[in-house]
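Residue-level structural notes
These are the residues of each chain, in order.
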Amino acid sequence: MALLEVNDLHTTFRTDDGLVQAVSGVSFSLDEGRTLGVVGESGSGKSVTFLTLMGLVDPRQAQVRGSVLLRGEEMLGASQSRLRDVRGKQIGMVFQDPMTSLNPVKRIGWQLEEAVLIHHDVTRKEARRRSIQILKEVEIPKAEERIDDYPHQFSGGMRQRVMIAMALINNPDVLIADEPTTALDVTTQAQILRLMERLQAEHQMAIVMITHDLGVVAELADDVIVMYGGRVVEQSDVTGLFAKPEMPYTWGLLGSLPRLNVQGARLEQIPGQPPSLLHPPTGCPFNPRCEFVMNICRQELPPLEASAAGADHLFRCHLDAAARTEIWQQKQAAMMSEDAA
Amino acid sequence: MTQFLIRRLFWAVFLFFVATIITYLIFWVIPTNPAQLAAGHAASPEFLASIKHRLHLDKPIWFQYYYFVENLVVHGSLGQSFINRESVDRIIGKDAPVTASLVFGGAVLWLSLSIPIGILSALRPRSILDRITMTGVLIGISAHPVWIGLILSFLLGYKLHLTPIAGYCNFFPGAPGAQCEGPVQWAYHLILPWVTFMILFAALYVRLVRASVMETMSEDYVRTARAKGASQRRVMVQHVLRNSLLPVVTILGMDLGLALGGAIFTETIFNLPGLGHEVIQAYGANDLPVITGVVVFSTVCVIVFNLIVDVTYGFLDPRIRPS
């Protein structure tokens, strides 16, 4: 049994302008100890997918459909108290902006202890002991002293370590990290990623790494989901995806990765804007920006189908296999020649 | 901290001069003859001249202002009333407790009403409760205190005989010539003024609290608390409330400081002998020392309450705590 299994998840927000289809039919599964990279632009539905499965979307505004199984237990429609048990204990979450994600008027220690005391019937002293312990694990120097500091006395990278500590303090099965390094500078990003890798090994947990950075995915993930316009457009293990991506949006993402050894070469960019989820395009969500668009793309949503590489590599595209192979080989050759130049 | 206080003190002195100079300038611009009022209509020209001399009204306005400042700095006195020679210090000492009773009692009422209602409205935006509240807020903001006061006084006092129509009783018994005294009578006579104040300010504060709570609930750290598994109650009490009351403290400090200088409308309607009542009478009589005295007192109140706000803020928000 998979640790986390999501089937045909839909999240729709009611707004003053109409219905917003934030997530449309997302399915994936996550096994214990694995790392799933979820890639997509802002507004692709990647964050909402995981807020939904944690029960953190406002039920007064959002309609949710589908199934989320955590160790076989259905989470959609579970009682609020059951969801509260799961949050922070079985699933920990780290958010994008560490500058605003900690309560500014409470001490770091208080906020960590709170996470323990909500889920465990222990004394505050024991909660404090665990908090100091976990701060040491995330490599906060002088943890015994810094625990009594307020968030504003910490740097961004340090605060993100505190956030990770808070998510891990109850030894969750899954850590959901929503762009945990996006707001940090590059050297700090690398430290945080290494820290997460080490903690994953020590705590034996699964990680969902939500990001728009394929570099992060290449470094950490075992499996990858590419999301676009609220849908999964490609899904594979990480080597399969980087070896032969099967659809134009993924090609675009790979082409827009900066490469250090190429001097003066222009980064490829994906033209246009992410689709409006209020008035999504008919057919394939990527068709307005796709350079290989055909008539059928504007009429029919391509099904999620298995690639020639195997049943584990799924993608959505109307282009036929020969065309896809040829285009990818050309793109690859172009990148290689740039690298050589 | 010391540096902060010194800066504050300089501000206070500056504000004092700005407020008093403006008061003197206005007095100089409007055509007045306070000596005539003090001397009476039938006074002889010689007597009028001697009164003018005694009140320093025969000197230019800048000298009058200098005399006022000198008197305050050297003798610590705000001077004497033009009309009846009563010490302005004593007048303010007599009136300020009345205004303070009105303002602080009203503040307790309006806060204990608007904080819970504001929070409930924020928790259920667009619900029936929220809509009713927002309608009430609109009425409260639109209504003038004179109108509210008169309606209350007419209905509850005159028609139903539930409360006194107007008047004030001292909290502490023993004042000579008082018709009524003691805490019970004091509170009984202040019910309607308090309610008037409450209706006026509760409307503003419900809106303020509601907006602030709603804004705080969408903060990232509130989402973090939910992701930790905190219950709705815990999220509200531990994470939302303290943060959302910060702006309320600021506005409350400013309102209290301002209102202590005299709640002119409410005091007039209910015939409360407070600072607002006093200053209106002093305007009518061109009694410059009394007007200036109230202005000085009011300025001091605003400054002191802003200081209290800053200190409270330091307790509530560690980010601006002076280390």
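Bear in mind the structure is a predicted one, so any value in this text is a computation, not a measurement.

Another aspect to go through is the packing of helix 6 (residues 128-142) of chain B against helix 8 (residues 183-217) of chain B. Residues and elements named next belong to chain B. Packing of helix 6 against helix 8 brings their axes to within 8 Å, and their N-to-C directions diverge by 135°. With respect to their mutual orientation, helix 6 and helix 8 come out oblique. In this structure, helix 6 meets helix 8 at a crossing whose hand is left-handed. Contacts between helix 6 and helix 8 involve Asp-130, Thr-133, Met-134, Val-137, Gly-140 and Ile-141 on the former and, on the latter, Ile-199, Ala-203, Leu-204, Val-206, Arg-207 and Arg-210. A class-by-class count of the residues in the contact of helix 6 with helix 8 yields seven nonpolar, two polar and three charged.

All right, on to the sheet that holds strand 7 (residues 174-178) of chain A then. Residues and elements named next belong to chain A. Taking strand neighbours across the sheet as the criterion, the eight strands line up as 6-7-8-3-9-10-12-11 in an open arrangement whose pairing is mixed. Here the strands that pair on one side only, and so sit at the sheet edges, are strand 6 (91-94) and strand 11 (305-307). The sheet shows a mean angle of 25° between the axes of neighbouring strands, taken without regard to direction. Lying over the sheet, helix 6 (residues 156-168) contacts strand 6 and strand 7, oriented at roughly 170° with respect to strand 6. Along the sheet, helix 7 (residues 186-203) contacts strand 3 (35-39), strand 7 and strand 8 (206-211); its crossing angle with strand 8, the most-contacted strand, is approximately 160°.

This part takes up the interface of chain B and chain A. At the junction of the two partners, chain B supplies 23 residues and chain A supplies 29 residues. Between chain B and chain A, the buried area comes to about 2300 Å², and carbon and sulfur atoms account for 54% of it. A salt bridge links A:Asp16 to B:Arg126, with the shortest nitrogen-to-oxygen separation between them at 3.7 Å. Inspection of the chain B/chain A interface yields 14 residue pairs in polar contact (both at pLDDT 80 or more). For the side of chain B that touches chain A, the secondary-structure elements that each account for two or more residues are helix 9 (220-227) and helix 10 (232-260) of chain B. Partitioned by chemical class, the residues of the side of chain B that touches chain A number six nonpolar, six polar and 11 charged.

This brings us to the packing of helix 1 (residues 2-29) of chain B against helix 13 (residues 288-316) of chain B. Residue and element names in this part refer to chain B. Where helix 1 contacts helix 13, the axes come no closer than 10 Å and their chain directions differ by 155°. Overall, the two elements helix 1 and helix 13 adopt an arrangement that is roughly antiparallel. Handedness of the helix 1/helix 13 crossing: right-handed. Contact residues: helix 1 offers Phe-4, Leu-5, Arg-8, Ala-12, Leu-15, Phe-16, Ala-19, Thr-20, Thr-23, Tyr-24 and Phe-27, while helix 13 offers Leu-288, Ile-291, Thr-292, Val-295, Val-296, Thr-299, Ile-303, Asn-306, Leu-307 and Asp-310. The residue inventory of the contact of helix 1 with helix 13, partitioned by class, reads 14 nonpolar, five polar and two charged.

The subject of this paragraph is the sheet that holds strand 4 (residues 62-70) of chain A. Residue and element names in this part refer to chain A. Judged by pairing direction, the sheet is antiparallel, and its four strands sit side by side in the order 2-1-4-5 without closing on themselves. Strand pairing shows two members of the sheet lacking a second neighbour, strand 2 (18-30) and strand 5 (73-74), which therefore form its edges. Strand direction decides the pairing type here: strand 1 (residues 4-15) and strand 4, joined by eight bridges, are antiparallel. Note on strand 4: the bridge partner recorded for Glu-5 is Leu-69.

Here we take up the nonpolar core. Formed by 76 residues in total, the largest nonpolar core has its most connected members in A:Phe28, A:Phe50, A:Leu53, A:Leu135, A:Ile164 and A:Ile176. Among the elements that make up this core, the one with the highest residue count is helix 6 of chain A (seven residues). Two domains share this core, each providing at least three of its residues, namely domain 1 (99-171) and domain 2 (226-340) of chain A. Grouped together as the second largest cluster of nonpolar side chains are 42 residues, B:Leu190, B:Trp194, B:Ala202 and B:Cys301 included.

Most of helix 10 (residues 248-255) of chain A sits inside the fold, with eight of its eight residues counted as buried. Residues A:Pro248, A:Tyr249, A:Thr250, A:Trp251, A:Gly252, A:Leu253, A:Leu254 and A:Gly255 constitute the buried set of helix 10 of chain A.

Turning our eyes to something else, we now look at the packing of aromatic side chains. Aromatic rings considered in pairs are described by the distance between their centres and by the relative angle of their planes. Under the definition given, this model contains 21 aromatic pairs over all chains. Ring plane angle 85° and centroid distance 5.1 Å describe the contact between A:Tyr228 and A:Phe286, whose orientation is recorded as edge-to-face. A residue pair is termed long-range when its members are at least 10 positions apart, and A:Tyr228 in strand 9 (residues 223-228) and A:Phe286 in the loop between helix 10 and helix 11 (295-299) qualify at 58 residues. When its relative accessible area of 4% is taken as the criterion, A:Phe286 is described as buried. Centroid distance B:Trp11 to B:Phe14: 5.6 Å. Interplanar angle 80°. Geometry classified as edge-to-face. Pair noted here: B:Trp11 and B:Phe14 are both in helix 1, with a separation of three residues, about one helical turn. What makes B:Trp11 exposed here is its relative accessible area of 51%.

So, about the domain arrangement of chain A. Taken as a whole, chain A is organised into domain 1 (99-171) and domain 2 (226-340). Relative to domain 2 of chain A, the C-alpha centre of domain 1 of chain A lies at a distance of 41 Å.

Parameters and conventions
- Residues numbered from 1 in each chain as written.
- Chains lettered and ligands numbered in written order.
- Predicted model: local features only at pLDDT ≥ 70, side-chain atom pairs only at ≥ 80, totals over all residues.
- Heavy atoms only, no water.
- Axes fitted to C-alpha atoms, helices over the stretch in contact; angles between N-to-C directions.
- Helix = DSSP H or I, 4+ residues; strand = E, 2+ residues; numbered from the N terminus.
- Parallel < 35°, antiparallel > 145°, perpendicular 65-115°, else oblique.
- Left-handed = near helix turned anticlockwise from the far one by under 90°.
- Contact = heavy atoms within 4.5 Å.
- Nonpolar A, V, L, I, M, F, W, Y, C, P; charged D, E, K, R; others polar.
- Pairing = 2+ DSSP bridges.
- Buried area = accessible area lost by both parts, 1.4 Å probe.
- Salt bridge = Lys/Arg side-chain N within 4 Å of Asp/Glu carboxyl O.
- Polar contact = N/O pair within 3.5 Å; in protein donor to acceptor, adjacent residues only side chain to side chain.
- Core = buried A, V, L, I, M, F, W, Y, C linked by side-chain atoms within 4.5 Å.
- Buried < 20%, exposed > 50% of the residue type's maximum accessible area, 1.4 Å probe, protein only.
- Domains from an automatic or database assignment.
- Phe/Tyr/Trp six-rings, centres within 6.5 Å; stacked < 30°, edge-to-face > 60°.

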